[in-house]
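Here's the letter readout for the chains.
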Amino acid sequence: MRLILLGAPGAGKGTQANFIKEKFNIPQISTGDMLRAAVKAGTPLGLEAKKVMDAGGLVSDDIIIGLVKDRLKQADCANGYLFDGFPRTIPQADAMKEAGVAIDYVLEIDVPDDAIIERMSGRRVHQTSGRTYHVKYNPPKVEGKDDVTGEELIQRDDDKEATVMKRLAVYHEQTEVLVDYYNKWALSGTPGAPKYRKISGVGPVEEIRDRALAALAE
Ligand code: AP5
Ligand code: ZN
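About the thresholds
- Within every chain, residues take consecutive numbers counted from 1 along the sequence as written.
- Throughout, the order in which chains and ligands are written sets their labels, letters from A for the former and numbers from 1 for the latter.
- Thresholds applied to this predicted model are a pLDDT of at least 70 for local features of residues and 80 or more for the giving and counting of side-chain atom pairs; totals over whole chains, interfaces and linings are not thresholded and use all residues.
- Note that water and hydrogens are dropped before the side-chain values are worked out from all heavy atoms of the structure.
- Two strands form a pair only when DSSP identifies at least two bridges running between them.
- Helix and strand labels come from DSSP, where a helix needs a run of H or I of at least four residues and a strand needs a run of E of at least two; each type is numbered from the N terminus.
- Interaxial angles span 0 to 180 degrees and are taken between N-to-C directions of axes, which are lines fitted to C-alpha atoms, for helices over the stretch in contact.
- Only heavy atoms matter for contacts: two residues are in contact if any of them lie within 4.5 Å across the pair.
- By convention in these notes, a residue is near a molecule or strand provided one of its non-hydrogen atoms lies within 4 Å of it.
- Each polar contact in these results corresponds to two N or O atoms within 3.5 Å; when the atoms are within protein, one needs to be able to donate a hydrogen and the other to accept it, and residues that are neighboring in sequence are counted only if both atoms are side-chain atoms.
- For every accessible area listed, the method is Shrake-Rupley and the probe measures 1.4 Å; residues are considered covered only by the protein chains on display.
- Under the scheme applied here, ten amino acids are nonpolar (Ala, Val, Leu, Ile, Met, Phe, Trp, Tyr, Cys and Pro), four are charged (Asp, Glu, Lys and Arg), and all others, including Gly, are polar.
- UniProt positions are given in the numbering used here, feature names are shortened, and annotations may be inferred rather than shown by experiment.
- For a helix, the expected span equals 1.5 Å multiplied by the number of residues minus one.
- Buried residues are those whose accessible area, probed at 1.4 Å on protein chains only, stays under 20% of the maximum for their type, while exposed residues exceed 50% and partly exposed ones sit between those limits.
- Note that the arc is defined by the directions from the helix axis to the C-beta atoms.
- What makes a nonpolar core is a set of buried Ala, Val, Leu, Ile, Met, Phe, Trp, Tyr and Cys residues whose side-chain atoms join them at distances within 4.5 Å.

Novice: Any chance you could explain the sheet that holds strand 2 (residues 28-30) here in plain terms?
Specialist: The strands making up a sheet associate through hydrogen bonds between their backbones, and the pairing can be parallel or antiparallel. In spatial order, the strands read 2-3-1-4-7; together these 5 strands make up an open sheet with parallel pairing. Among the strands making up the open sheet, the edge pair consists of strand 2 and strand 7 (195-200). Across the sheet, the axes of successive neighbouring strands diverge by a mean angle of 20°, strand direction being ignored. Sheet topology places strand 4 (residues 105-110) next to strand 7; 6 bridges connect them, and they run parallel. The partner of Leu 107 across the bridge, within strand 7, is Arg 197. Across the sheet, helix 8 (residues 177-188) lies against strand 1 (2-6), strand 4 and strand 7, angled at about 135° from strand 7, the strand it touches most.

Novice: Explain the site of ligand 1 here, please?
Specialist: Around ligand 1 lies a shell of 36 residues, among which Thr 15, Gly 57, Arg 88, Arg 123 and Arg 167 are the nearest. Here Gly 10 contributes a backbone N or O atom positioned 2.8 Å from an oxygen atom of ligand 1. Gly 57 places a main-chain nitrogen or oxygen 2.5 Å from an oxygen atom of ligand 1. Protein chains bury 97% of the 1,000 Å² of accessible surface belonging to ligand 1 in isolation. Sort the elements by how many residues they give to the shell around ligand 1 and helix 2 (residues 31-41) lands first, with 4 residues. Across the shell around ligand 1, the residue classes break down as 14 nonpolar, 14 polar and 8 charged.

Novice: In this structure, what is going on with the UniProt feature "domain: Adenylate kinase active site lid" (unreviewed entry) in the chain? I would like to understand it.
Specialist: If you check UniProt for "domain: Adenylate kinase active site lid" (unreviewed entry), the listed places come out as residues 123-158 in our numbering. Secondary structure within residues 123-158 divides into 0% helix and 17% strand; the distance between the first and last C-alpha atoms comes to 11 Å.

Novice: Even after reading the chapter, I still don't get helix 8, so can you show me in this structure?
Specialist: Given 3.6 residues per helical turn, the α-helix brings residues three or four places apart onto the same face. The end-to-end C-alpha distance of helix 8 is 17 Å, a good match for the 16 Å that 12 residues give at a rise of 1.5 Å each. All buried positions along helix 8 are accounted for by Leu 178, Val 179, Tyr 181, Tyr 182 and Trp 185. Buried residues of helix 8, viewed axially, fall in a sector of 165°; they line one side. Away from its buried face by more than 90 degrees, helix 8 exposes Lys 184 and Leu 187. The inward-facing, buried residues of helix 8 abut strand 1, helix 5 (90-98), strand 4, helix 7 (161-175) and strand 7. Gly 189 sits one or two positions beyond helix 8 and adopts a positive phi of about 70°.

Novice: I keep staring at the nonpolar core and nothing clicks. Help me out?
Specialist: Nonpolar side chains in soluble globular proteins generally cluster together in the buried interior. Counting residues in hydrophobic clusters, the biggest one holds 27 residues, and the most contacted among them are Val 68, Leu 72, Tyr 81, Phe 83, Met 96, Val 106 and Tyr 182. If you tally residues by element for this core, the top one is helix 8, at 5 residues. When near neighbours in sequence (up to four residues on either side) are disregarded, Phe 83 contacts Leu 3, Ile 4, Leu 5, Ile 29, Val 68, Leu 72, Met 96, Val 101 and Ile 103. Listed in part, the 22 residues of the second largest apolar core include Ile 20, Val 164, Leu 168 and Ile 208.

Right, here's the structure in full:
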């Protein structure tokens, strides 16, 4: 299974990626998680990316495309992969097409903007694994601690309301065009075209998991 999860910031891509990667035994390639790991490690890329991420902007296409191409060379991608938060611009999508990176499904998770702010303000993450919780909608078993490791959960620096608003605007300006891009490709009937599926991301996490897995079985 090779798929792209498409959706606004806070739509639940990371949350659903967790279920999908287990079901198909594939790695989750989250460019956001990769950038946050670089920030934490204090690499030159991390230092540069942090400024852009904290401002709610997008890191340059060249850097992101390079990161993903390198990641795809790793052995665990042989069985498939799940892209989370990538591609995010037309040049990123084109680069994957040109490199012949196969995609079976594009799954769009649709959540209206007004639900996003509340999701972001309650989000807590386990930094090393990227596991994501919500204080109200998806709480950890022990408050403030990761379910698997028991380690401390943190709040993301880019989850401040002003940054979230900017990220949403950037999504509508630069990423939403990919809905059309992949829909057109899917309908084109060209060999290797992916299937396009859209589900609502509103409702309980487990219900959306069931919707996602059903959509990927069609
Ligand atoms: P990235 O990490 O990709 O962030 P994002 O796309 O903005 O998405 P999020 O991770 O915020 O949301 P999500 O959809 O994963 O939702 P989640 O499951 O966590 O990117 C961060 C930054 O890195 C970008 O702004 C950019 O600067 C840079 N970057 C990354 N990729 C890039 C690229 N390709 N090109 C250029 N720059 C790039 O859920 C959110 C919250 O809601 C959680 O608290 C969760 O528990 C809760 N929740 C989930 N489902 C539900 C539900 N059904 N009901 C209620 N609450 C729910
Ligand atoms: Zn995410």
